[in-house]
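# Overview (structure and organization)
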Amino acid sequence: MTDCLFCKIIEKKVPAKIAYEDDKVLAFHDISPQAPTHILLIPKKHIASINDLPEQDSAIIGYLHLIAKKLAQELKIDQSGFRLVINNGLDAGQAVSHIHWHVLGGRKLQWPPG
Ligand code: AMP
Ligand code: ZN
């Protein structure tokens, strides 16, 4: 998608601090971190939101969680605790229409979220 910010990051047209990359997924540091560790994890395939998730892409969703586990271990937040967040749509505050998992950790996170 030419007008998608995260697709541009995948294509390296917009710079980002990459934490993990393979042929299916990309993880990079959030430009405005809300916790000491704040990574965005995305599929390389453009999927706008959970609402647009095709059934045949269920495997990539499982795979993304395994990468989240690996990142949490590498960034040493797996034992202290971390949160995976997907904002979906307007009320949730989704600002970028390319499905993404926030990986947040490194401090005590509040619940419920605002
Ligand atoms: P959301 O509000 O769930 O759509 O999250 C979008 C996230 O993308 C926010 O946490 C932003 O800080 C982050 N963000 C926006 N632009 C960039 C960028 N160029 N590089 C890294 N993160 C970004
Ligand atoms: Zn995209």
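Residues numbered from 1 in each chain as written. Chains lettered and ligands numbered in written order. Predicted model: local features only at pLDDT ≥ 70, side-chain atom pairs only at ≥ 80, totals over all residues. Heavy atoms only, no water.

### What about the overall build of the protein?
Counting its regular elements, the protein contains two helices and five strands. Ordering the α and β elements of the protein from the N terminus gives α-β-β-β-α-β-β. Here the C-alpha atoms of the protein give a radius of gyration of 14 Å, agreeing with the 13 Å that 2.2 N^0.38 yields for 114 residues. Within the span of the protein, comprising 114 residues, buried residues form 37% of the whole. Residue pairs at least 24 apart in sequence account for 53% of intrachain contacts in the protein once pairs closer than 6 positions are excluded. As displayed, the protein offers around 7,000 Å² of accessible surface, 54% of which is attributable to carbon and sulfur atoms. Taking the 13 positively charged and 12 negatively charged side chains of the protein as two groups, their mean positions are separated by 8 Å. (Helix = DSSP H or I, 4+ residues; strand = E, 2+ residues; numbered from the N terminus. Rg over C-alpha atoms; globule rule 2.2 N^0.38 Å. Buried < 20%, exposed > 50% of the residue type's maximum accessible area, 1.4 Å probe, protein only. Contact = heavy atoms within 4.5 Å. Areas by Shrake-Rupley, 256 points an atom, 1.4 Å probe, with all protein chains shown as cover. Lys, Arg positive; Asp, Glu negative; His and termini not counted. Charge placed at Lys NZ, Arg CZ, Asp CG, Glu CD.)

### Regarding the coordination of the zinc ion (ligand 2)
The protein atoms donating to the zinc ion (ligand 2) are Cys 4 (SG), Cys 7 (SG), His 46 (ND1) and His 98 (ND1), with metal-donor distances spanning 2.1 to 2.3 Å. Relative to the metal, the four donor atoms surrounding the zinc ion (ligand 2) lie at angles of 106 to 116°, and the coordination shape comes out tetrahedral. Look at where the donors of the zinc ion (ligand 2) fall in the sequence and you get C-x2-C-x38-H-x51-H. Separated by 42 residues along the polypeptide, Cys 4 in the segment before α1 (5–10) and His 46 in the loop between β3 (37–43) and α2 (58–74) bring together distant segments of the chain. (Donors = N, O, S within 2.8 Å, 3.2 Å for Na, K, Ca; no water. Tetrahedral: all angles 85-135°; square planar, octahedral: opposite > 155°, others 65-115°.)

### What about the site of ligand 1?
The immediate surroundings of ligand 1 are formed by 16 residues, with Asp 30, Gly 93, Ala 95, His 100 and His 102 found nearest. Residue Ala 95 places a main-chain N or O atom 2.6 Å away from an oxygen atom belonging to ligand 1. Here an oxygen atom of ligand 1 and a backbone polar atom of Val 96 are 3.1 Å apart. Bound to the protein, ligand 1 loses 82% of the 510 Å² it would expose on its own. The set of elements that each furnish at least two residues to the shell around ligand 1 consists of α1 and β2 (25–29). (Near = heavy atom within 4 Å. Polar contact = N/O pair within 3.5 Å; in protein donor to acceptor, adjacent residues only side chain to side chain.)

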